[in-house]
Amino acid sequence: MLTRRGALRAVVAGSVSALALTAGAAQAVELDLMISDVDGKAAIIQEFAERYQEQNPDVQITLNAVGYNVIREQLPIQLEAGTGPDLSFVTNLGGMHPYYVDLSPYVDAEAWEAAYGAVLPWYRAGNEGGIYGFHTEMTVTGPYVNLTMFEEAGVDLPEPGSTWEDWAEATQAVMDETGSYAGMVMDRSGHRFAGPAMSYGAKYFDDEGHLIVDEGFKAFAQMMLDWHESGLMPADIWPAASGAKYTNGNELFFNQEVPFYMSGSWNTSNVQSNVGDAFDWQVVPVPCGPDGCGVMPGGAGLVAFKSGDAEKEAAAAAFVGWMGEEEQAREWYARTFAIPAHAGLQKEGLDYEAAGATEAVANALQAFTGMASAAAEQTPQAYDLQGSQFGFVMYNATVQYLSAAMNGELSLDEAMAKISEELETNAR
């Protein structure tokens, strides 16, 4: 429901819709909240805002539902010009740090550190301390498998805790029995590569905090090269593109040309809608290596912006703080089908089906949640890499030079040297 008795007025102008929630207070503090409504979350945050206003009648929140490009491209300009909103959902978590209100005076800082400590550094942009956002959506990389292809091939799924080598052997067997085009596919993304590389010991940072490539990185890179050379991984994704271009493996998985697809939690609904009843699928625990079962996290958050108006900044920060409290956070994550960033809720698990998710989607989200929880303990450098302002330098160099090695243009040692050179030049 987008309306509530006598309390909502909606204004639509061009590509931007504004949903104003009036609490009726004579001297209410008025706050603007910007949200990208590409996935229907505006109606949900509106209900939370209404509830908050009932408890705090001195606050009035107006929602501005916009396209994602507005958040990505126009919001930074607005903030720089001093015309930005009081609140917004953002994905460039560290990039807008200078504009954030520190929530510390408005929350139980110790409780927030315990609940959200793994993601709070992403908002700090390398600065020490401070609480700058409620992480509203956790994304996690991980694999989808085609259960029907495994069944037709008579191959059992490797058990949780199995290695990447175990999965390579199993998917090769499926490939051999079914005649599929390939056995495994991974999005052409250094972000997707990073988790598995950490499983084989990649540290990604030296003792001074500089991004590096090391023997662990090289170990998984060599496996990727071997799998592409043998045909277990298709030539269409990593070797076929140039530079740092991103390419996903969706079509190969949807068309049953490959039984294993390394993607992530953001793709769950897309997989469900595209696969339909064509075959049975499942998200499985990410394969492991000698140093853990690595995945890469990511996501979005709700933040309060500085405005120069102390009263508005305090009201905006208090709303963000309220949203991040466990009761509201549990409901928000469940209703938006989001993986919780709250450590306690990750361990507890959420009832997504009660909130309307299909069984397949609910099971997938629970599986991704388990991977996020394990990765936080086993490969904590994943969280540091996600929060690094130079993360995309690493991601782009990874795909560019490893793809060149797959194509025979560079040896693996030469590719490693090129990546190091890129990091020395652009990530210091």
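Rules behind the numbers
Residues numbered from 1 in each chain as written. Predicted model: local features only at pLDDT ≥ 70, side-chain atom pairs only at ≥ 80, totals over all residues. Heavy atoms only, no water. Patch = residues over 30% accessible without salt bridge, like charges linked within 9 Å, V, L, I, M, F, W, Y side chains within 5 Å. Areas by Shrake-Rupley, 256 points an atom, 1.4 Å probe, with all protein chains shown as cover. Salt bridge = Lys/Arg side-chain N within 4 Å of Asp/Glu carboxyl O. Lys, Arg positive; Asp, Glu negative; His and termini not counted. Charge placed at Lys NZ, Arg CZ, Asp CG, Glu CD. Helix = DSSP H or I, 4+ residues; strand = E, 2+ residues; numbered from the N terminus. Buried < 20%, exposed > 50% of the residue type's maximum accessible area, 1.4 Å probe, protein only. Core = buried A, V, L, I, M, F, W, Y, C linked by side-chain atoms within 4.5 Å. Domains from an automatic or database assignment. Contact = heavy atoms within 4.5 Å. Axes fitted to C-alpha atoms, helices over the stretch in contact; angles between N-to-C directions. Parallel < 35°, antiparallel > 145°, perpendicular 65-115°, else oblique.

## With respect to a negative patch on the surface
Okay, so step 1: Together, Glu151, Glu152, Asp277 and Asp280 make up a region of like negative charge exposed at the surface.
Okay, so step 2: Examined against the element boundaries, glutamate 151 turns out to sit in helix H5 (residues 147-153).

## Looking at the environment of serine 269
Okay, so step 1: Note on placement: serine 269 falls in helix H10 (residues 268-275).
Okay, so step 2: Overall, the relative accessible area of 46% leaves serine 269 in the partly exposed class.
Okay, so step 3: The spacing of serine 269 and methionine 34 is 235 residues in sequence and 24 Å in space, taken between C-alpha atoms.

## Overview of unusual backbone geometry
Okay, so step 1: Of note in this structure, glutamine 256 is not a glycine but carries a positive phi near 60°.
Okay, so step 2: Among the structural elements, glutamine 256 can be located in the loop between helix H9 (250-254) and strand S8 (260-264).
Okay, so step 3: Phi at phenylalanine 337 takes a positive value of approximately 55°, unusual for a residue other than glycine.
Okay, so step 4: Looking at the secondary structure, you find phenylalanine 337 in the loop between helix H12 (326-335) and helix H13 (343-348).

## Examining the environment of glutamate 257
Okay, so step 1: As for its placement among the helices and strands, glutamate 257 is situated in the loop between H9 and S8.
Okay, so step 2: With a relative accessible area of 30%, glutamate 257 lands in the partly exposed category.

## Here's the deal with the nonpolar core
As a rule of thumb, nonpolar side chains are buried together in soluble globular proteins.
Okay, so step 1: Counting 145 residues, the largest nonpolar core has Trp164, Phe193 and Tyr204 as the members making the most contacts within it.
Okay, so step 2: Tallying contributions element by element places helix H16 (residues 391-406) first for this core, with ten residues.
Okay, so step 3: Each of domain 1 (29-138 + 298-359) and domain 2 (140-297 + 367-426) accounts for three or more of the residues forming this core.
Okay, so step 4: Apart from the residues lying within four places of it in its own chain, the contact partners of tryptophan 164 are Met184, Met186, Pro196, Tyr200, Phe220, Met223, Trp227, Phe260, Met262, Val286, Pro287 and Cys288.

## Brief notes about the packing of helix H6 (residues 164-178) against helix H8 (residues 215-230)
Okay, so step 1: Where H6 contacts H8, the two axes come as close as 12 Å, and the packing angle between them is 10°. The angle between H6 and H8 places the two elements in the roughly parallel class. Along the contact surface, H6 presents Trp164, Glu165 and Ala168, while H8 presents Phe220, Met223 and Trp227.

## Brief notes about the packing of helix H7 (residues 190-199) against H16
A packed helix pair is summarised by two numbers, namely the angle formed by the two axes and the spacing between the axes.
Okay, so step 1: One can describe the packing of H7 onto H16 by two numbers: an axis separation of 8 Å at closest approach and a directional angle of 90°. The angle between H7 and H16 falls in the class roughly perpendicular. On the side of H7, the interface is formed by Gly190, His191 and Phe193, while H16 contributes Tyr395, Thr398, Val399 and Leu402.

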